[in-house]
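Residue strings, one per chain:
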Amino acid sequence: MSRILTKISFILGITLLMISCNAVKHLGENEFLLTKNNIEVDNEAIKDYRVYSQLKQKPNPKVLGIPFGLHIYNLADQQPDSTFHKWLMKNPKREERLTRFLSKKQVENLRSSYIGFNRWLQKSGDTPAIIDQENIQKSIDRLNRYYASFGWFNVNTDFSINKTDDKRASITYKVNRHTPYIVDSIQEKISSPIVDSLFQKTKHQSFIKNGKQYSANDFVNERDRITHQLRNSGLYYFDQDYVGFEADTVNTGHKANITYIIPDREYRINDSTYTEPFKIHRINEVRIVTDYSYENKDRAISDSATYNNYKLYSYDDLAFRPKAITDAISIVPNSIFNDIDRTLTYNQISDLRIFKYPNISYEEDPKDSTGTGLITTILLSPRKKYTLGVDFDAYTSTIQQFGVGFSTSFLIRNVFRGAETLKLTAKGSVGSSKDAADSESSFFNISDVGSDASLTFPRIVFPLKTEKFIPKYMSPYTTLKVGFNVQNNIGLDRQNINSTFSYRWKPSKIRTNQLDLMNIQFVRNLNTDNYFSVYKSSYNRLNEIAVESGFDFNDESEDPELEIPNETTEFIELATDPDQTELDLTEDQFKEVSAIRERQIRLSDDNLIFATNFSWQRDSRENIYDREFSRLRFKLESAGNLLRGVAKASNLEIDSNGNYKIMGVTFSQYIKFEGEYIRHWSLNQNNTLAIRTFSGIAIPYGNSNSIPFTRSYFAGGSNDNRGWQPYDLGPGSSGAINDFNEANFKIALNAEYRFKILGSFNGAFFVDTGNIWNVLDDIEDSASKFEGIEDLKELAVASGFGLRVDFSFVVARLDIGFKTHNPARPVGERWFKEYNFNNAVYNIGVNYPF
């Protein structure tokens, strides 16, 4: 209790200290600190952040109502050089004593340090937002321009300053928009016949429409639409500067009469300017230099090839098969110029990861008498054929007190001269764990090593042609990946072998499809005798039942414990024997031991998964700096159908549960579906609201009664429900009775409000909701099962706050989650019973959780 009071006192003390700082102590006599902006539009207060963003001057940012940045700035000495000099000269002998004790150079360093520290405080903090008449006028001008862009051409804006006695003030801007202007007549003055013909074909798609309120955005969009249409219809020399508009608003009764103005092409020869009608240009020739570099530019071409009318050149021997290059080129010889083909070619060449960013240029064909022929030159600069990467890491986890990890990768480009890439990766770790099966062997007593190889082809590898369904502009890829992983002294010493054969393509800029035609995983557990050393919750409960039922322990102490593995096996076999008479077991205890045995069998048996899955994703995020976007993802996976058909037709071995085995291993059969939606809203320049919804279900059938551990769901952790550790939540209201709790149905809902604190420091408030349940499998515990809509009351809720540090290339994150609604507690005691720092979960993560 005293520790909690100390924390509270410390937090309150810091808060009171910041509040008590005089935020206006550096203001002059007639200066006022801006505390708030108010905007009234047509006598009505508004909160539209788009309008407020027009204001030139804004109050100092606040966190929980406190302008921390301003207080940090005010901590700085505004004249540190003068202050230090006065301090040094205040005592006539101070400088002499310091020089004798330190040295003249050290005294100068002391002065520089004092000045530097105060300059750092000023730079880190926020300069006081002092009300300034010039900034007010700029804000008024911006507001007027903003509303004029939406048709209020007669807008006028006034302001008032509301001062207080403590040198603080707010500003109220009063905007009167008056009557907006409406688009009336629309006319065209288009000089070139081909431009007029193309324009008339898509005139119905215009953003500018009769009867619509004037909006500058419509004219910007219309200019872009026309430019995009014409440049993708053969008009090579056309650009958006040729599209102009005239708006007649004089004595029109608040109506705007619009005229399109698109003149002929203008060009210069020497000092003279000429005009001519626009023409449709064609691509006469496409030249591709496959090994361009600055050093090569003056060398003679030594090798060349022609493929499908493409001409390929190389300064050395041609290192690529022509088709591998031309498949990534959307600019087609003897076709009409299409500007989008250049963009597609940029993207497709970059996606190969074989070349650096390409250089694409056009020039008029001097041999074309019509003057409409173009020659396209594409300069490709290959990346290094071999790339070696090495990485080291040190970490701690719930399993390892200390661990060291390493990984190395070797990338080979253009393996078979078809722009393929082969990536070989080796990774591993060694660590120290007191929970290992052999914890006394040495300091580094556990290890985890693995390797994989990935071969990627820049096309769909399939016996039949797929170009009609997946054309080359979709950047299709085929990937074959194999890998293995071996654990020693970790859990059950798992060996994992996996192989994937997959296709990936992008139907559009924001859409991605992936088909894993074969996704194979074989899991072999070498140390199954160590099961109850790993899953200690199951062992503890088993031991309790053994004591309560009168089991004859080898251990004759007052608190006997089952020996692992012999006695645990002996007790389970005895307890689950319906004919046994040695133990005094209740019906509930019999069911518990049976459930423990079933879980042991499921988690320790070897497993074979032969799956096929399809992923569909739509992501509107343009780049990593985009703060407003959405992402929608669906995934459907099916496993075991092919193997069951083969096993049934071949009369393969059947186990005691009636399930088929292949090579002595029972394979999994299930259907799995999951969907996820993420949405980010940019509330203003510094604040973002982000949400995520996720739901997934995996249903076993046929050859399986449950879902493999590696394909099941868990809840909790830094990227999920942050009020619980990973695997510590659920299933349902069971109370996480096992060590690694998982299930086959999951719901997760997350919301996070992100805001800027100071400099690279950002904060967040979050609410996480979700849980996992068992459904349509072999689990019989009602507390763990999802049996209907009423079980949604078992959704766990966590809330909390976080601190993030943005290093530009990565974000370090600390989130503190509090159990707000805990479904494991009795009904009526679930809300806010553990809402304190003692029960909080401290999550450390890298980058944002969603």
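All of these numbers come straight from a predicted model, not from anything done at the bench.

Reading across from one edge, E5-E7-E6 is the order of the 3 strands in this open sheet, with mixed pairing throughout. Each edge of the open sheet carries a strand with a single partner, namely strand E5 (182-190) and strand E6 (244-248). Strand-to-strand twist across the sheet, computed as the mean angle between neighbouring axes with direction ignored, equals 20 degrees. Here E6 pairs with strand E7 (residues 255-262) via 5 bridges, running antiparallel. When the sheet's bridge partners are listed, Phe245 is paired in E7 with Tyr260.

With that settled, the discussion passes to the pairing of strand E19 (residues 446-457). The buried fraction of E19 is high, at 9 of 12 residues. With 11 bridges connecting them, E19 and strand E20 (residues 477-488) associate as antiparallel partners. Looking at E20, one finds that Gly450 is bridged to Asn485.

A few words now on a negative patch on the surface. Together, Asp552, Glu556, Glu570, Glu573 and Glu582 line one region of the surface with negative charge. Here Asp552 shows up in the loop between helix H13 (536-548) and helix H14 (566-575). In this structure Asp552 comes out as exposed when scored by relative accessible area, which is 65%.

Moving on: the confidence of the model for the protein chain. Of all residues in the protein chain, 95% have pLDDT values of 70 or greater, and the mean over the chain is 89. In the model of the protein chain, helix H1 (residues 2-20) stands out as the element of lowest mean pLDDT, 47, in contrast to strand E24 (residues 629-639), which has the highest, 97. Contacts for the low-pLDDT stretch residues 1-10, under 50 throughout, to residues beyond four places or in other chains number 2 contacts.

The next subject is the nonpolar core. The tendency in soluble globular proteins is for nonpolar side chains to be buried as a group. Residues Ile288, Leu352, Phe355 and Tyr362 are the most contacted members of the largest nonpolar core, which totals 25 residues. Elements that contribute at least two residues to this core include exactly strand E10 (282-289), strand E12 (310-314), helix H10 (322-326), helix H11 (339-352), strand E14 (359-364) and strand E15 (373-379). Residues Phe32, Ile46, Ile140 and Tyr146 belong to the second largest nonpolar core, which totals 21 residues.

Okay, the environment of Lys36 next. Along the polypeptide, Lys36 turns up in strand E1 (residues 33-41). Distance from Lys36 to Ala169, taken between C-alpha atoms, is 7.4 Å for residues 133 residues apart in sequence. Those residues within four positions of Lys36 in sequence are excluded, and the remaining contacts are Pro59, Ala169, Ser170 and Ile171.

If you trace the 4 strands from one edge of the open sheet to the other, you get E2-E1-E4-E3, paired in mixed fashion. The open sheet has two edge strands with one neighbour each: strand E2 (44-45) and strand E3 (156-163). In the sheet, E1 pairs with strand E4 (residues 168-176) via 8 bridges, with the strands oriented parallel. When the bridges of E4 are listed, Leu33 appears paired with Arg168.

The subject of this paragraph is the side chain of Gln57. Residue position: Gln57 is located in the loop between helix H2 (49-52) and helix H3 (68-75). Note on Gln57: relative accessible area 10%, which makes it buried. Here Asp132 takes part through its backbone nitrogen, which lies 3.4 Å from a polar atom of the side chain of Gln57. Those residues in contact with Gln57 that sit more than four places away from it in its chain are Leu34, Asn37, Ala129, Ile130, Ile131, Asp132, Asn135 and Ser139.

Attention now goes to the pattern of salt bridges. The final tally for this structure, using the stated rule, is 39 salt bridges. Between Asp166 and Arg168 there is a salt bridge; the shortest N-O distance is 3.2 Å. What makes Arg168 partly exposed here is its relative accessible area of 23%. Glu742 is the partner of Arg599 in a salt bridge, and the nearest nitrogen-oxygen pair spans 3.3 Å. Placement of the pair is Arg599 in helix H15 (residues 587-604) and Glu742 in the loop between strand E28 (688-700) and strand E29 (745-758), with a sequence separation of 143 residues. Judged by its relative accessible area of 11%, Arg599 is buried. Look at Glu742 and you get buried, because its relative accessible area is 6%. Salt bridges sharing common partners tie together Arg722, Glu752, Arg754, Asp768, Arg804, Arg813 and Asp815.

The next thing to look at is the pairing of E29. As defined by bridge partners, E28 adjoins E29 across 10 bridges and the pair is classed as antiparallel. Pairing of Arg692 across the sheet is with Asn750, part of E29. Two elements, E29 and strand E30 (residues 761-773), share 13 bridges in a ladder whose sense is antiparallel. In the strand pairing of E30, Ala748 is matched with Gly770. Linking E29 to E30, which pair antiparallel, is a turn of 2 residues; within it Gly759 sits at a positive phi near 60 degrees.

Okay, a nonpolar patch on the surface next. Judged by side-chain polarity, Leu64, Phe761, Phe765, Phe801, Leu803, Leu814, Phe837, Tyr842 and Ile844 come together as a nonpolar surface patch covering roughly 880 Å² of accessible area. For the nonpolar patch, the elements supplying multiple residues, two or more each, are E30, strand E31 (796-806) and strand E34 (841-846). Relative accessible area serves as the criterion here: at 33%, Phe837 is assigned to the partly exposed category.

Bringing the packing of aromatic side chains into the picture now. Per the stated rule, a full pass over the model turns up 48 aromatic pairs. One aromatic cluster in this structure is built from Tyr531, Phe532, Tyr535, Tyr539, Phe709, Phe714, Tyr727 and Phe740. Above the face of the Tyr237 ring, Arg265 is positioned so that its terminal group lies 3.7 Å from the ring centre. Above the ring of Trp724, the side-chain terminus of Lys819 is found at 5.3 Å from the ring centroid.

Contact geometry of H13 with H15 gives a least axis separation of 11 Å together with a crossing angle of 145 degrees. Considering only the axes of H13 and H15, their crossing is left-handed. On H15, the residues touching Ser538, Arg541, Leu542, Ile545 and Glu548 of H13 are Gln589, Glu592, Val593 and Ile596. The residue makeup of the contact of H13 with H15, split by class, is 4 nonpolar, 2 polar and 3 charged.

Of all the residues in helix H4 (residues 80-90), the buried ones are Pro80, Phe84 and Leu88. Down the axis of H4, the sector holding all buried residues measures 65 degrees, keeping them to one side. Exposed residues pointing more than 90 degrees away from the buried face of H4 are listed as Lys86 and Lys90.

In this section: helix H8 (residues 193-201). Looking at H8, one finds that the buried residues are Val195, Leu198 and Phe199. The arc that holds the buried residues of H8, viewed along the axis, is 100 degrees, so those residues lie on one side. Facing away from the buried side of H8 by more than 90 degrees, the exposed set consists of Pro193 and Lys201. Close packing links the buried residues of H8 with E5, helix H9 (216-231) and E7.

What counts, and where the lines are drawn
Residues numbered from 1 in each chain as written. Predicted model: local features only at pLDDT ≥ 70, side-chain atom pairs only at ≥ 80, totals over all residues. Heavy atoms only, no water. Pairing = 2+ DSSP bridges. Helix = DSSP H or I, 4+ residues; strand = E, 2+ residues; numbered from the N terminus. Axes fitted to C-alpha atoms, helices over the stretch in contact; angles between N-to-C directions. Buried < 20%, exposed > 50% of the residue type's maximum accessible area, 1.4 Å probe, protein only. Patch = residues over 30% accessible without salt bridge, like charges linked within 9 Å, V, L, I, M, F, W, Y side chains within 5 Å. Areas by Shrake-Rupley, 256 points an atom, 1.4 Å probe, with all protein chains shown as cover. Salt bridge = Lys/Arg side-chain N within 4 Å of Asp/Glu carboxyl O. Lys, Arg positive; Asp, Glu negative; His and termini not counted. Charge placed at Lys NZ, Arg CZ, Asp CG, Glu CD. pLDDT = per-residue confidence, 0-100. Contact = heavy atoms within 4.5 Å. Core = buried A, V, L, I, M, F, W, Y, C linked by side-chain atoms within 4.5 Å. Polar contact = N/O pair within 3.5 Å; in protein donor to acceptor, adjacent residues only side chain to side chain. Phe/Tyr/Trp six-rings, centres within 6.5 Å; stacked < 30°, edge-to-face > 60°. Lys NZ or Arg CZ within 6 Å of the ring centre and 35° of its normal. Left-handed = near helix turned anticlockwise from the far one by under 90°. Nonpolar A, V, L, I, M, F, W, Y, C, P; charged D, E, K, R; others polar. Arc of directions from axis to C-beta.

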